[in-house]
Amino acid sequence: MIATIGSKSSSVDASNVQRAHGLKNTILMATGSTAGQLVVIVAMPLITRLYNPKELGLYAIFTATVGLLATVIALHYELAIPLPKSDFHARLLVKLALVVSSSMVVLCLGIIIVFSTALSNIVGIEQFPSIGYLVPISLLITGLVTVLTYRAIRSDFFQLAATGKALQGIVQATMQIGFGLSGTGASGLIYGTALGQCASIFALARNGFWRELTCGWYAHKAKFVVLAQRYRNFPRVSTPSSFINAAVAQLPLIVLAAWFDIRVIGLYALGVRVLQVPARFIGDSLSQVFFSMAAEAHRSGTLKEVASRTWRVQTTFALYSFLPLAVVSPELFSVAFGHEWREGGVYTQLLLPWTMTSFISASLSILVTVLQKQKQEF
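What counts as what
Residues numbered from 1 in each chain as written. Predicted model: local features only at pLDDT ≥ 70, side-chain atom pairs only at ≥ 80, totals over all residues. Heavy atoms only, no water. Helix = DSSP H or I, 4+ residues; strand = E, 2+ residues; numbered from the N terminus. Buried < 20%, exposed > 50% of the residue type's maximum accessible area, 1.4 Å probe, protein only. Areas by Shrake-Rupley, 256 points an atom, 1.4 Å probe, with all protein chains shown as cover. Salt bridge = Lys/Arg side-chain N within 4 Å of Asp/Glu carboxyl O. Contact = heavy atoms within 4.5 Å. pLDDT = per-residue confidence, 0-100. 1 Å grid on protein atoms, 1.4 Å probe; cavity = no way out; pocket = protein on both sides within 12 Å on 5 of 7 lines; lining within 4 Å. Points joined across faces, edges and corners; volume = space filled by probe spheres on them. Nonpolar A, V, L, I, M, F, W, Y, C, P; charged D, E, K, R; others polar. Core = buried A, V, L, I, M, F, W, Y, C linked by side-chain atoms within 4.5 Å. Patch = residues over 30% accessible without salt bridge, like charges linked within 9 Å, V, L, I, M, F, W, Y side chains within 5 Å. Phe/Tyr/Trp six-rings, centres within 6.5 Å; stacked < 30°, edge-to-face > 60°. Expected span 1.5 Å × (residues − 1). Bend = angle between axes of the 7 residues up to and from the residue. Axes fitted to C-alpha atoms, helices over the stretch in contact; angles between N-to-C directions. Parallel < 35°, antiparallel > 145°, perpendicular 65-115°, else oblique. Left-handed = near helix turned anticlockwise from the far one by under 90°.

Structural notes on the overall build of the protein chain
Here is step 1 of the chain: In terms of regular secondary structure, the protein chain is built from 16 helices and zero strands.
Here is step 2 of the chain: A buried classification covers 50% of the 378 residues belonging to the protein chain.
Here is step 3 of the chain: On the protein chain, roughly 18,000 Å² of surface is accessible, and the fraction owed to carbon and sulfur atoms is 67%.

Considerations on the pattern of salt bridges
Here is step 1 of the chain: All chains considered together, the criterion is met by three salt bridges.
Here is step 2 of the chain: The salt bridge partner of Asp-87 is Arg-154, with a shortest N-O separation of 2.7 Å. With a gap of 67 residues between them, Asp-87 in helix H3 (residues 87-123) and Arg-154 in helix H5 (residues 134-154) connect regions that are remote in the sequence.
Here is step 3 of the chain: Overall, Arg-154 belongs to the buried group, its relative accessible area being 18%.
Here is step 4 of the chain: Note that Arg-299 and Glu-296 form a salt bridge whose closest N and O atoms lie 3.0 Å from each other. You can see Arg-299 and its partner Glu-296 sitting in helix H12 (residues 277-300), three residues apart, about one turn around the helix.
Here is step 5 of the chain: Since its relative accessible area comes to 43%, Arg-299 is described here as partly exposed.
Here is step 6 of the chain: The partly exposed category is assigned to Glu-296, whose relative accessible area is 37%.

As for the side chain of Arg-151
Here is step 1 of the chain: Relative to the helices and strands, Arg-151 is located in helix H5.
Here is step 2 of the chain: If near-sequence neighbours (up to four positions away) are discounted, Arg-151 is found in contact with Ile-81, Val-94, Leu-204, Asn-207, Gly-208, Phe-209 and Glu-212.

Examining the confidence of the model for the protein chain
Here is step 1 of the chain: Of all residues in the protein chain, 83% attain a pLDDT of 70 or more, and the chain-wide mean is 80.
Here is step 2 of the chain: Within the protein chain, the element-level pLDDT minimum falls on helix H1 (residues 2-50), averaging 65, and the maximum on helix H7 (residues 186-204), averaging 91.

So, empty space enclosed by the protein
Here is step 1 of the chain: Under the counting rule described, the total for this entry stands at one cavity of 30 Å³ or more.
Here is step 2 of the chain: Space inside the largest cavity adds up to approximately 40 Å³.
Here is step 3 of the chain: Lining of the largest cavity is provided by Arg-91, Val-94, Lys-95, Leu-98, Phe-209, Glu-212 and Leu-213.
Here is step 4 of the chain: Contributions of two or more residues to the lining of the largest cavity are made by H3 and helix H8 (209-213).
Here is step 5 of the chain: The biggest single contributor to the lining of the largest cavity is H3, with four residues.
Here is step 6 of the chain: Partitioning the lining of the largest cavity into residue classes produces four nonpolar, no polar and three charged.

So, the nonpolar core
Here is step 1 of the chain: Counting residues in hydrophobic clusters, the biggest one holds 97 residues, and the most contacted among them are Tyr-231 and Leu-253.
Here is step 2 of the chain: Per element, the largest residue contribution to this core is 11 residues, and it comes from H5.
Here is step 3 of the chain: Apart from residues lying up to four places away in sequence, Tyr-231 is in contact with Tyr-77, Ala-80, Leu-83, Pro-84, Leu-93 and Gln-372.

So, a nonpolar patch on the surface
Here is step 1 of the chain: Residues Leu-107, Leu-109, Ile-111, Ile-113, Val-114 and Phe-115 make up a contiguous nonpolar surface patch of roughly 590 Å² in combined accessible area.
Here is step 2 of the chain: Position of Phe-115 among the secondary structure elements: in helix H3.
Here is step 3 of the chain: You can call Phe-115 partly exposed: its relative accessible area is 47%.

Focus on the packing of aromatic side chains
Here is step 1 of the chain: On inspection of all chains with the given rule, the structure shows three aromatic pairs.
Here is step 2 of the chain: Pairing Tyr-231 with Phe-234 gives two aromatic rings, centres 6.0 Å apart and planes at 50°, and the pair type is tilted.
Here is step 3 of the chain: Residue class for Tyr-231 comes out buried when judged on its relative accessible area of 6%.
Here is step 4 of the chain: In this structure Phe-234 comes out as buried when scored by relative accessible area, which is 1%.

Some details on unusual backbone geometry
Here is step 1 of the chain: Here the phi dihedral of Leu-75 falls at roughly 50°; this positive angle occurs in a residue that is not glycine.
Here is step 2 of the chain: Here Leu-75 shows up in the loop between helix H2 (53-70) and H3.
Here is step 3 of the chain: With phi around 65°, His-76 is a residue other than glycine that occupies positive phi space.
Here is step 4 of the chain: Relative to the elements of secondary structure, His-76 occurs in the loop between H2 and H3.

Remarks on the environment of Ile-47
Here is step 1 of the chain: Among the structural elements, Ile-47 can be located in helix H1.
Here is step 2 of the chain: C-alpha of Ile-47 to C-alpha of Gln-176: the two residues are 129 residues apart in sequence and 7.4 Å apart in space.
Here is step 3 of the chain: Look past the residues within four positions of Ile-47 in its chain and what remains in contact with it is Gln-176, Ile-177 and Leu-189.

Concerning helix H10 (residues 233-259)
Here is step 1 of the chain: Taking 1.5 Å of rise per residue, the 27 residues of H10 would be expected to cover 39 Å, and the 37 Å separating its terminal C-alpha atoms lies within 8% of that figure.
Here is step 2 of the chain: Of all the bends in H10, the greatest, near 45°, is centred on Gln-250, and the proline Pro-252 appears no more than four residues after it.
Here is step 3 of the chain: For H10, the complete set of buried residues consists of Phe-234, Val-237, Ser-238, Thr-239, Ser-241, Ser-242, Ala-246, Ala-247, Leu-253, Ile-254 and Ala-257.

Some thoughts on the packing of helix H11 (residues 262-275) against helix H14 (residues 342-364)
Here is step 1 of the chain: In contact at an axis separation of 8 Å, H11 and H14 are set at 50° when each is read in the N-to-C sense. Considered as vectors, H11 and H14 are oriented oblique to each other. In the crossing of H11 with H14, the sense of the turn from one axis to the other is right-handed. The segment H11 lies against H14, with Arg-263, Val-264, Leu-267, Tyr-268, Gly-271, Val-272 and Leu-275 engaging Glu-343, Gly-344, Tyr-347, Thr-348, Leu-351, Leu-352, Trp-354 and Thr-355.
Here is step 2 of the chain: Here the residues of the contact of H11 with H14 are counted per class, giving nine nonpolar, four polar and two charged.

In structure tokens:
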């Protein structure tokens, strides 16, 4: 009896420690993300006065293309990094994800070179070839940021991840303003985003990443094949499933470009961007921390409680952030971004239900990965 009571007490203590640790990491990641994204949001009224809706529309098409392709860049092997019990296997998965990412970037570069004109006709934008060459570069940077982020989650380096998020937002906003003042057009927005991601890489790679990257390739090449086979459901099932989810979010921009003037795309993109503010402040950080917590909770048998608590937090936050924004968005856009952007506020009102639902479900969708139920997800 005493032993049973002691065992239950230890279990409760462990659960409390896990909860406190998870809360601390959530706050840390949210703080870093908030700091970076707050700079981006504060800079938006200036950016909308340095760039017109057409330039923002072209930038939106570019980011939508990169965002869609980024879902397959590492064939989701990066999602497997926090899962193995062995840190050695986790390090090998980092390298595997990087190899796959590099191969996909080379493939993308070849497609851009061969089919540049055809792609321009598909999206209905004559200026696309002038920025198309930047897609593989942006994909390479995005893939590296993603892999390094999950590496940090695996190693509990949440402080580095938070620093990376903060630096990314600060550098991105600063560079976009600088390029806007110099009159570089939509390319300035793209350059600013890429440089912001490079700043995040600099922060995330400070915990010995480059040293790990240079050793162990040939000695453990057989283990790469074993790990690729063990986690084969990520590229086989999870990747196409995520691609479909990303298409739901990104294809409207690409499809609308074929039917409407690129100015409309810019207004629509600004509305989507404003609605994504709560997701950038809290959602991404909470999702990443929840991934780490859920993986550990699944091993310890407390996954149900962790998932329930996360759902309540996200639902409450969504109701108190999205609904007030919907009421005032047209007038808010007119005052904050300039009168020519008011129509973007109307689009924001129409997009609200979809965005709020996506925000609430974002973290919980990670449960499929933790439980390795990719077939059910697909």
